[in-house]
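# Analysis of the macromolecular model
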Amino acid sequence: METVAAKRRKPASGRPSDQGATGAPRPLPAGDTFYTPGASRLRREIERRSAVPLVWLHNAPRLLLPAVMGVVLIAGLVLAGLAGAVLLVLLAAFFGWLAFLTWPRLRGGERIMRVAAVAVLLGLGLLQSGLF
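Please read all numbers here as calculations on a predicted model, not as lab measurements.

A word on the packing of aromatic side chains. Counted by the stated rule, this structure contains two aromatic pairs. Their ring planes at 45° and their centres at 6.4 Å tell us that Phe94 and Phe95 sit as a pair that is tilted. Among the residues examined, Phe95 registers a relative accessible area of 25% and is labelled partly exposed. Judged by centre distance (5.7 Å) and plane angle (45°), the rings of Phe94 and Trp97 are tilted. Of this pair, Phe94 and Trp97 are both found in helix H4 (residues 82–102), three residues apart, which corresponds to roughly one turn of the helix. The aromatic ring of Phe100 is capped on one face by Arg43, whose charged end is 4.5 Å from the ring centroid.

Counted according to the given criterion, the structure contains four salt bridges. For Glu47, the salt bridge goes to Arg43, with nearest N and O atoms at 3.1 Å. Of this pair, Glu47 and Arg43 both sit in helix H2 (residues 41–59), four residues apart, which is roughly one turn of the helix. Of the two residues, Glu47 and Arg43, both sit in the buried class. Among the salt bridges present, the one from Glu45 reaches Arg49, with a minimum N-O distance of 2.7 Å. Of this pair, Glu45 and Arg49 both sit in helix H2, four residues apart, roughly one helical turn. Overall, the relative accessible area of 59% leaves Arg49 in the exposed class. Linked by salt bridges that have partners in common, Glu45, Arg48 and Arg49 make up one network.

What follows covers the nonpolar core. Membership of the largest hydrophobic core is limited to five residues, which are Leu88, Leu91, Ala92, Val118 and Leu121. Those elements giving two or more residues to this core turn out to be H4 and helix H5 (108–129). For this core, the element with the highest residue contribution is H4, accounting for three residues. The residues contacting Leu91, other than those within four sequence positions of it, are Met69, Val72, Leu73 and Leu121.

In the predicted model, the protein chain carries a mean pLDDT of 83, and 77% of its residues have values of at least 70. Note that pLDDT drops below 50 for residues 1–21; the model gives that stretch 11 contacts with residues more than four away or on any other chain.

This part takes up the packing of H2 against H4. As a packed pair, H2 and H4 sit with axes 11 Å apart at the nearest point and diverge in direction by 115°. Taken as axis vectors, H2 and H4 run roughly perpendicular relative to one another. Once H2 is placed against H4, the crossing between them reads as left-handed. Across the interface between the two elements, Arg43, Ile46, Glu47, Ser50, Pro53, Leu54 and Leu57 of H2 pack against Phe94, Trp97, Leu98, Phe100, Leu101 and Thr102 of H4. Each residue belonging to the contact of H2 with H4 can be placed in one class, and the counts come to nine nonpolar, two polar and two charged.

Rules behind the numbers
Residues numbered from 1 in each chain as written. Predicted model: local features only at pLDDT ≥ 70, side-chain atom pairs only at ≥ 80, totals over all residues. Heavy atoms only, no water. Phe/Tyr/Trp six-rings, centres within 6.5 Å; stacked < 30°, edge-to-face > 60°. Buried < 20%, exposed > 50% of the residue type's maximum accessible area, 1.4 Å probe, protein only. Helix = DSSP H or I, 4+ residues; strand = E, 2+ residues; numbered from the N terminus. Lys NZ or Arg CZ within 6 Å of the ring centre and 35° of its normal. Salt bridge = Lys/Arg side-chain N within 4 Å of Asp/Glu carboxyl O. Core = buried A, V, L, I, M, F, W, Y, C linked by side-chain atoms within 4.5 Å. Contact = heavy atoms within 4.5 Å. pLDDT = per-residue confidence, 0-100. Axes fitted to C-alpha atoms, helices over the stretch in contact; angles between N-to-C directions. Parallel < 35°, antiparallel > 145°, perpendicular 65-115°, else oblique. Left-handed = near helix turned anticlockwise from the far one by under 90°. Nonpolar A, V, L, I, M, F, W, Y, C, P; charged D, E, K, R; others polar.

Given below as C-alpha cells:
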C-alpha cells in the first residue's frame, strides 16, 4: 500500500510528470523509429528534417503550443489586412505540416477534419487579406 507522501508525488492524471524536479525532459513515446516504413524519398526527407522540431515540441511545456496557437489565431482574426492574413496562413502551414506527418496513421474522417481545418484557416486568411 502506498503512503500518503507517495500518492502526493503522483500527478492527478496518473502519468509521470512532464518534468521532474531535475528538469529532465519527458521520455519519447515507445517505438523504434520516427520514420514511416516504406515511405517515399520526399516523405523520408521531410520526416528527417521534422525530427528535431518535433522533439523540441514534445519537450516543451504542455500548454505552450496551444497557447501560442490560440494567440496566433486571435491575432490573425483581429489584425486587418496582410498582417492577419500572414498569421492565419502560417497557422494553416503549421497544421498542414502536422497533418502531413500524421497522415499515414489517420483514418478517413480524421483526414477530412485535418484538410477542413487547413482549408478554413486558408479561407480566413484570404478573407483577412482583403482580396475578396
